[in-house]
Protein chains: 2
Amino acid sequence: MSDCYSKYPKHYVAVDCIIFGLNHGELSLLLAQRTIDPERGKWSLMGGFVGEDESVYSAAQRVLTELTGLENIPMEQVGAFGEIDRDPGQRVISVAYCTLVNVDQTDSEALKAHHALWVPLKQLPELGFDHPLMIASAYRWLQKKFMTEPIAFRLLPESFTLSQLQILCQTVIDEEIDKRNFRKRVAEIPSIVPTGIIDKKSSRRGAQLFRFCEKTYQNNPKFKL
Amino acid sequence: MSDCYSKYPKHYVAVDCIIFGLNHGELSLLLAQRTIDPERGKWSLMGGFVGEDESVYSAAQRVLTELTGLENIPMEQVGAFGEIDRDPGQRVISVAYCTLVNVDQTDSEALKAHHALWVPLKQLPELGFDHPLMIASAYRWLQKKFMTEPIAFRLLPESFTLSQLQILCQTVIDEEIDKRNFRKRVAEIPSIVPTGIIDKKSSRRGAQLFRFCEKTYQNNPKFKL
DNA sequence: ACAAAAGTGTTCCCCTTACACCCATGA
DNA sequence: TCATGGGTGTAAGGGGAACACTTTTGT
């Protein structure tokens, strides 16, 4: 098919990935100190350009894999950022994506190769471009979605105790949660099922292990932590 | 500054505008029947390409103005749509924006010139591209935001009765609202203020006119209809 | 007098929140 | 025996939803 749009301008399109990581009970963000212009020396999110033969989402997935080695981790679109001057080098339109992964499952070699570091969320350095904006949007998204969609289970072992789940939630939303109320809510979620198995490693008394049942969730997506 | 990104591909970037309109108590959508390829003959949203010298949001504003003659109407970004094949002509990455305007304040000449029509939301024709997806996202957005942010007042005269406001809300969310509960909620909103003036046109008894006070809203953005 | 829209309070229920003690076990 | 994390129920309060009648006035 002929290029029927040829009179219109084309643009660089990038993806920027806001990759939250859970790191021994601390929420971190994957950042890189730039070694090239523009914004050399400044910290930035993990970005990359969208290729000819990939969707924008695929480009984001590719960047995620290149950096963390993780595959098949769903991401959520934060939005498109289209100010003319948002990139001091050239005009670049960027689509931001966001996800939350487990730092332990991350490929530290790949990170090193990209000059990437996990930086605790509470100690973020000054960032280049419009990345602070993107991060703010993404963090709002994360705190909201985490408690209403089953993304916690990507960060937990297949079987987990309720205390593990609770501590994880507290870390992400950065608030204390009442244990009894929390367990009451868990009991209302059909897709979080007790296994009947007692884990003796985590405590002296032992704690029941639960698991998340994807199948049940499909049939009954009720989920409110 | 040199083009430091020249090794990366460039893309066509479009905006698509989901323009909801209120038309004598009915919610409509601004659509055009395409007269050119691709998707000739199919109905579509109002789209356009992002130019060199405008932000993506400005491009959306420009399209809105070209079509409706309206200016300074805020729009909200629905998201970026980046599948490779979403446009059967060329690869085009599109950013969708959404707003709600008053059909009566719309420039019917401009609409005619663009082959654009207000189509009732409940009688949408088959649409080209991925526009059904965009519309679904936007409609969800609209229903959610309308009741928690002061966008109703763009569609009402400066002074309005509570019945006018209620009917408007009902139209947008497509549900009946209990009058007393509604008025109770309005009473809790500091930025909706009674004028003390009685409007005798709308009813025999007459109804008090209210207005929305932007200034109060800035100081006290509490708003839940 | 009557039609048509304006205006006005109360009750109930559910959901959320706050809160404290006993249990089982390994060291 | 004691320290550690696991496990459990109830009461009070707030917010949302349901609900019906009186008022005013133009015709």
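Definitions and limits used
- Residues numbered from 1 in each chain as written.
- Chains lettered and ligands numbered in written order.
- Predicted model: local features only at pLDDT ≥ 70, side-chain atom pairs only at ≥ 80, totals over all residues.
- Heavy atoms only, no water.
- Salt bridge = Lys/Arg side-chain N within 4 Å of Asp/Glu carboxyl O.
- Helix = DSSP H or I, 4+ residues; strand = E, 2+ residues; numbered from the N terminus.
- Buried < 20%, exposed > 50% of the residue type's maximum accessible area, 1.4 Å probe, protein only.
- Least-squares fit on C-alpha atoms with pLDDT ≥ 70 in both.
- Contact = heavy atoms within 4.5 Å.
- Domains from an automatic or database assignment.
- Buried area = accessible area lost by both parts, 1.4 Å probe.
- Polar contact = N/O pair within 3.5 Å; in protein donor to acceptor, adjacent residues only side chain to side chain.
- Nonpolar A, V, L, I, M, F, W, Y, C, P; charged D, E, K, R; others polar.
- Phe/Tyr/Trp six-rings, centres within 6.5 Å; stacked < 30°, edge-to-face > 60°.
- Lys NZ or Arg CZ within 6 Å of the ring centre and 35° of its normal.
- Near = heavy atom within 4 Å.
- Pairing = 2+ DSSP bridges.

**What about the pattern of salt bridges?**
Two side chains bearing opposite charge may form a pair once their charged atoms approach each other closely.
Residues and elements named next belong to chain A.
Alright, step 1. Taken as a whole and assessed by the stated rule, the structure comprises 19 salt bridges over all chains.
Alright, step 2. A salt bridge links Lys222 to Glu188, with the nearest nitrogen and oxygen atoms 3.6 Å apart. Note that Lys222 is positioned in the segment after helix 6 (214-219) and Glu188 in the loop between helix 5 (179-187) and strand 9 (192-199), a separation of 34 residues in sequence.
Alright, step 3. Overall, the relative accessible area of 48% leaves Glu188 in the partly exposed class.
Alright, step 4. Via salt bridges that share partners, Asp16, Arg86 and Asp130 belong to a single interconnected network.

**Some words on the relation of the copies chain B and chain A**
Alright, step 1. Of the transformation placing chain B onto chain A, the axial shift is 0.0 Å and the rotation is 180 degrees, giving an RMSD of 0.0 Å. Taken together, the rotation and translation relating the two chain copies correspond to the operation of a two-fold axis.
Alright, step 2. When the interface residues of chain B are mapped onto chain A, 100% of them are again interface residues, pointing to one common binding face.

**A few points about the domain arrangement of chain A**
How big an interface is tends to be stated in terms of the accessible area lost upon association of its parts.
All names here are of chain A.
Alright, step 1. Segmenting chain A into domains produces domain 1 (3-148) and domain 2 (152-219).
Alright, step 2. In this structure, domain 1 and domain 2 have C-alpha centres spaced 30 Å apart.
Alright, step 3. Residue-level contacts link 17 residues of domain 1 with ten residues of domain 2.
Alright, step 4. Summed over both partners, the interface of domain 1 with domain 2 buries about 1,200 Å², with 64% contributed by carbon and sulfur atoms.
Alright, step 5. Of all residues in domain 1, the largest losses of buried area upon contact with domain 2 belong to Leu22, Phe146 and Met147, amounting jointly to 40% of the total for that side.
Alright, step 6. One salt bridge connects Lys122 with Asp174, and the closest N-O pair in it is separated by 3.0 Å.
Alright, step 7. Linking domain 1 with domain 2 are four residue pairs in polar contact (both at pLDDT 80 or more).
Alright, step 8. For the side of domain 1 that touches domain 2, the secondary-structure elements that each account for two or more residues are strand 2 (26-33), strand 6 (92-102) and helix 3 (131-146).
Alright, step 9. Residue composition of the side of domain 1 that touches domain 2, by class: ten nonpolar, five polar and two charged.

**Topic: the packing of aromatic side chains**
Alright, step 1. Using the criterion set out here, one finds 22 aromatic pairs over all chains in the structure.
Alright, step 2. Note on A:Phe20 and A:Tyr139: the rings are 5.9 Å apart at their centroids and 35 degrees apart in plane angle, and the pair reads as tilted. Of this pair, A:Phe20 sits in strand 1 (residues 10-23) while A:Tyr139 is found in helix 3, placing the two residues 119 residues apart along the sequence.
Alright, step 3. Its relative accessible area of 0% is what places A:Phe20 among the buried residues.
Alright, step 4. Chaining the aromatic ring pairs together yields one cluster made of A:Phe153, A:Phe160, A:Phe212, A:Tyr217 and A:Phe223.
Alright, step 5. A cation over a ring is seen here: A:Lys10 above B:Tyr12, with NZ or CZ 4.9 Å from the ring centre.

**So, the protein's contact with DNA strand C**
Alright, step 1. Neighbouring residues of DNA strand C: 18 residues in total, closest A:Arg205, B:Ser163, B:Lys179, B:Arg183 and B:Arg205.
Alright, step 2. For DNA strand C, the fraction of protein-proximal atoms (within 4 Å) that sit in sugar or phosphate groups is 38%.
Alright, step 3. A:Lys184 is positioned such that a nitrogen or oxygen atom in its side chain is 3.2 Å from a base oxygen of DNA strand C.
Alright, step 4. Here a phosphate oxygen of DNA strand C sits 2.7 Å away from a polar atom, N or O, in the side chain of B:Ser163.
Alright, step 5. Of all the secondary structure elements, the ones that give two or more residues to the surface near DNA strand C are helix 5 of chain A together with helix 5 (179-187) and strand 10 (207-212) of chain B.
Alright, step 6. With four residues, helix 5 of chain B is the single largest residue contributor to the surface near DNA strand C.
Alright, step 7. Residue composition of the surface near DNA strand C, grouped by class: one nonpolar, five polar and twelve charged.

**Side note on the sheet that holds strand 9 of chain A**
All names here are of chain A.
Alright, step 1. Judged by pairing direction, the sheet is antiparallel, and its three strands sit side by side in the order 8-10-9 without closing on themselves. Both outer strands of the open sheet, strand 8 (159-160) and strand 9, are each paired with one neighbouring strand and no more.
Alright, step 2. Bridging between strand 9 and strand 10 (residues 207-212) involves five bridges; their strand directions are antiparallel. Along strand 10, the bridge assignment pairs Pro194 with Phe210.

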